[in-house]
Amino acid sequence: MPEFKPKTVYVTYIAATPEKVWEALTSSEFTKKYFWDRSIELEPKLGGAFALRLPDGTANVQGKVIAWDPPRKFAVTWGVKWPAEFATLPECHVTYEIAPADDAVRLTMTESHSWNVPEAILSGGRMGWPAVLSGLKSLLETGNAPLIKMEPPKDMIEAIKNLKL
Amino acid sequence: MSEAGSSFVYVIYIRTTPERLWRALTAPEFTRQFWCETVQDCEWKVGASWKLMIPDGRVGDAGEVLEIDPPRRLVLSWQNQFTDLRAEGHSRMTYQLEPQGDMVKLTVRHEMPHLGSTFIEKVSNGWPAILSSLKSLLETGEPLEATRRWPKDM
């Protein structure tokens, strides 16, 4: 059984209840607004199927639920399926933990990997997560999610090609 | 940029202008609200001394302005003053502000030249709370409760 080690951690504090943050992480009504139009599909239980889909139905990410403890902890295996260049990447784990912090919530996102993943490949997540989670925070606190344009992560794509996974 | 040493990097997107964000990071009327009642004592030019003042009058951290290019980039040398972490010496702290549509992308990079820095470990826990509170202040008008006041036991 490979051991998954945390490689990227992002912490944000959100003025919302744990239940509201949980809802924003697990329902499409919210993910479409802060996660670049992706809908989340979820069987809400340990072992349940998980997917993030583009508006045309294409599965961007697929996996299964490996932690389900509302409203405290939600984790999935994260297998990128699209675009094709990313599909050879081993799946990682994405874990969300929600903890009370005064009248706010501390949300911790951890991306864990089972192999010696190079920095260039981690760079994709390091570009993406701050934008996704900043958007989530703005959505819950102001009702509006920002439109953050992002270029495809060139270094990550190049590194995946060079690794010939 | 050297890969040796200890570093913490944090990126946050805030719906505001670079000018307003720059002001919030440097002006007392803002920092008092989201940065635990602290103010910065600084003339904001290269070579000027810089101090982060705790509300009871103690100096929290001190250093110097190394680079300043408002509202894009600020680099400070930064040494803790009020705890044992003073012994680690000067860190280097960079704010990079980049407009992105109606948002500003703020990158905070805080570095020590040596490995295993406890100072960097401590600021790694502090920055996400301070910067989240800054974002709430600028987007909603209210900072987060957790960072309104200097902690009583510190």
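Everything below is about the structure printed above this text.
Note that this is a predicted model, so its numbers are computed, not measured. Numbering of residues begins from 1 in every chain and follows the order in which that chain's sequence is written. Chain letters and ligand numbers both follow the written order, the letters beginning at A and the numbers at 1. Only residues with pLDDT of at least 70 are given local features in this predicted model, and only at 80 or more are side-chain atom pairs given and counted; all residues enter the totals for whole chains, interfaces and linings.

(A) Looking closely at the overall build of chain B. When its secondary structure is counted, chain B shows three helices and seven strands. In sequence order, the secondary structure elements of chain B are arranged as β-α-α-β-β-β-β-β-β-α. The C-alpha atoms of chain B give 15 Å as radius of gyration, which agrees with the globular expectation for 154 residues (15 Å, within 12%). Projected onto the principal axes, the alpha-carbon positions of chain B cover approximately 40 × 40 × 30 Å. Each helix is a run of H or I in the DSSP string that is no shorter than four residues. Each strand is a run of E no shorter than two, and both are numbered from the N terminus. Radius of gyration means the value over C-alpha atoms here, while the globule rule gives 2.2 Å times the residue count to the 0.38 power.

(B) Structural view of the interface of chain B and chain A. Taken residue by residue, the interface counts 19 residues in chain B and 19 residues in chain A. When contributions to the side of chain B that touches chain A are tallied by element, the ones reaching two or more residues are strand E1 (6–14) and helix H3 (118–140) of chain B. At eight residues, H3 of chain B tops the list of elements feeding residues into the side of chain B that touches chain A. Among the residues making up the side of chain B that touches chain A, the classes are represented as eight nonpolar, six polar and five charged. Throughout, a pair of residues is in contact if the C-beta atoms placed from their backbones lie within 7 Å. In this classification, the charged set is Asp, Glu, Lys and Arg, the nonpolar set is Ala, Val, Leu, Ile, Met, Phe, Trp, Tyr, Cys and Pro, and all remaining amino acids, among them Gly, are polar.

(C) Structural context of the packing of helix H3 (residues 119–142) of chain A against helix H4 (residues 154–163) of chain A. All names here are of chain A. Comment: axis = line fitted to C-alpha atoms, over the contacting stretch for helices; angle = value between 0 and 180 degrees taken between N-to-C directions. Where H3 contacts H4, the axes come no closer than 7 Å and their chain directions differ by 145°. Helix-helix and strand crossings are classified by hand; for H3 and H4 the assignment is left-handed. Seen from H3, the contacting residues are Ala-120, Ile-121, Ser-123 and Gly-124; seen from H4, they are Asp-155, Met-156, Glu-158, Ala-159 and Ile-160. Looking at the contact of H3 with H4, its residues break down into five nonpolar, two polar and two charged. For a crossing to be left-handed, the near helix must be turned anticlockwise from the far one by less than a right angle; the clockwise case is right-handed.

(D) Region of the structure containing the environment of Trp-78 of chain A. Residue and element names in this part refer to chain A. Along the chain, Trp-78 falls in strand E5 (residues 73–80). Sequence separation between Trp-78 and Ala-16 is 62 residues; the distance between their C-alpha atoms is 26 Å. With near-sequence residues (within four places) excluded, Trp-78 lies in contact with Val-61, Gly-63, Glu-91, Cys-92, His-93 and Val-94.

(E) Looking closely at the sheet that holds strand E4 (residues 59–69) of chain B. Residue and element names in this part refer to chain B. Pairing between two strands is assigned when DSSP locates at least 2 bridges connecting them. Judged by pairing direction, the sheet is antiparallel, and its seven strands sit side by side in the order E1-E7-E6-E5-E4-E3-E2 without closing on themselves. Every other strand in the sheet has two partners, leaving E1 and strand E2 (39–42) as the edge strands with one partner each. Between one strand and the next, the sheet's axes are offset by a mean angle of 25°, whatever the strand orientation. The pairing of E4 with strand E5 (residues 73–80) spans eight bridges and is antiparallel. Considered in E5, the bridge of Glu-64 is made with Ser-77. Taken strand by strand, H3 contacts E1, E5, strand E6 (91–100) and strand E7 (103–112), and its axis lies near 10° from that of E1.

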